[in-house]
Amino acid sequence: NPPPPKPAGITGVNNNSGINIYPNPAHEKLIIENKGGISSEETITIYNTLGQAMHVPVNKSGQKNEADISKLPNGMYYVQYRNSNEQMNAKFLKE
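Conventions and cut-offs
- Residues numbered from 1 in each chain as written.
- Predicted model: local features only at pLDDT ≥ 70, side-chain atom pairs only at ≥ 80, totals over all residues.
- Heavy atoms only, no water.
- Pairing = 2+ DSSP bridges.
- Helix = DSSP H or I, 4+ residues; strand = E, 2+ residues; numbered from the N terminus.
- Axes fitted to C-alpha atoms, helices over the stretch in contact; angles between N-to-C directions.
- Contact = heavy atoms within 4.5 Å.
- Core = buried A, V, L, I, M, F, W, Y, C linked by side-chain atoms within 4.5 Å.
- Buried < 20%, exposed > 50% of the residue type's maximum accessible area, 1.4 Å probe, protein only.

Novice: Tell me what's going on with the sheet that holds strand S1 (residues 19–22), and back it up with residues and numbers.
Specialist: Taken in spatial order, the four strands line up as S1-S2-S6-S5 in an open sheet, and their pairing is antiparallel. With partners counted over all chains shown, the strands left at the sheet margins are S1 and strand S5 (58–61), one partner each. Here the average twist between neighbouring strands, direction ignored, is 20°. Of the pairings in the sheet, the one linking strand S2 (residues 29–34) to strand S6 (residues 64–68) comprises five bridges and is antiparallel in character. If you follow Glu33 over to S6, its bridge partner there is Lys64.

Next comes the structure, spelled out in C-alpha cells:
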C-alpha cells in the first residue's frame, strides 16, 4: 500500500515580519520595532480611539523607532506602521 497523502498546508512561514511595541503601558516614550528589517519607506502614525491622528515626534534609528508620547493624554492609542510591503497595527496604553 502507498503511504497516505500528506495534508496540504503552508510550509516555511516567515515569522520575521511584524512589529513590536514596548513598553506597554507606556509613559514618556514608546518604541516601535520593525521585526522584518530596515525599510527606507516607512511611516508611523499614532491614532486616538476616535481615529484622529496624533502629532507625535518619532526618531528613527535602524529597526527601532522611538515616539515621544509624553504630551499625549492618558488613554488607549493605536499605532499604524506602514512600509512599502505591508501595513501593521497595534494598540498601546498611555499612562
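Moving on from the coordinates now.
Novice: Please provide a residue-by-residue account of the pairing of S2, values included.
Specialist: Relative to S2, S1 is paired through four bridges, and the arrangement is antiparallel. Bridge pairing in S2 links Tyr22 to Ile31. Counting the residues that bridge the hairpin from S1 to S2 gives six residues.

Novice: Tell me what's going on with the environment of Asp68, and back it up with residues and numbers.
Specialist: Note on placement: Asp68 falls in strand S6. Ignoring any residue separated from it by four or fewer positions in sequence, one finds Asp68 in contact with Glu28, Lys29, Val56 and Pro57.

Novice: Let's hear about the sheet that holds strand S7 (residues 75–83): which residues, and what values?
Specialist: Taken together, four strands build an open sheet; the order of strands is S4-S3-S7-S8 and the sheet is antiparallel. If you trace the sheet from one side to the other, it starts and ends with strand S4 (53–54) and strand S8 (87–94), each paired once. Taken together, the eight bridges between S7 and S8 define a ladder with antiparallel strand orientation. When the bridges of S8 are listed, Val79 appears paired with Ala90.

Novice: A description of the nonpolar core should follow, citing residues and the corresponding values.
Specialist: Judged by nonpolar contacts, the single largest core of 16 residues is most densely connected at Leu30, Ile32, Ile46, Ala67, Ile69, Val79 and Phe92. Of all the secondary-structure elements, those providing two or more residues to this core are S1, S2, strand S3 (42–48), S7 and S8. When residues in this core are grouped by element, the largest group, three residues, is from S7. Not counting the four nearest positions on each side in its chain, Val79 is found in contact with Leu30, Ile32, Ile44, Thr45, Ile46, Met88, Asn89, Ala90 and Phe92.

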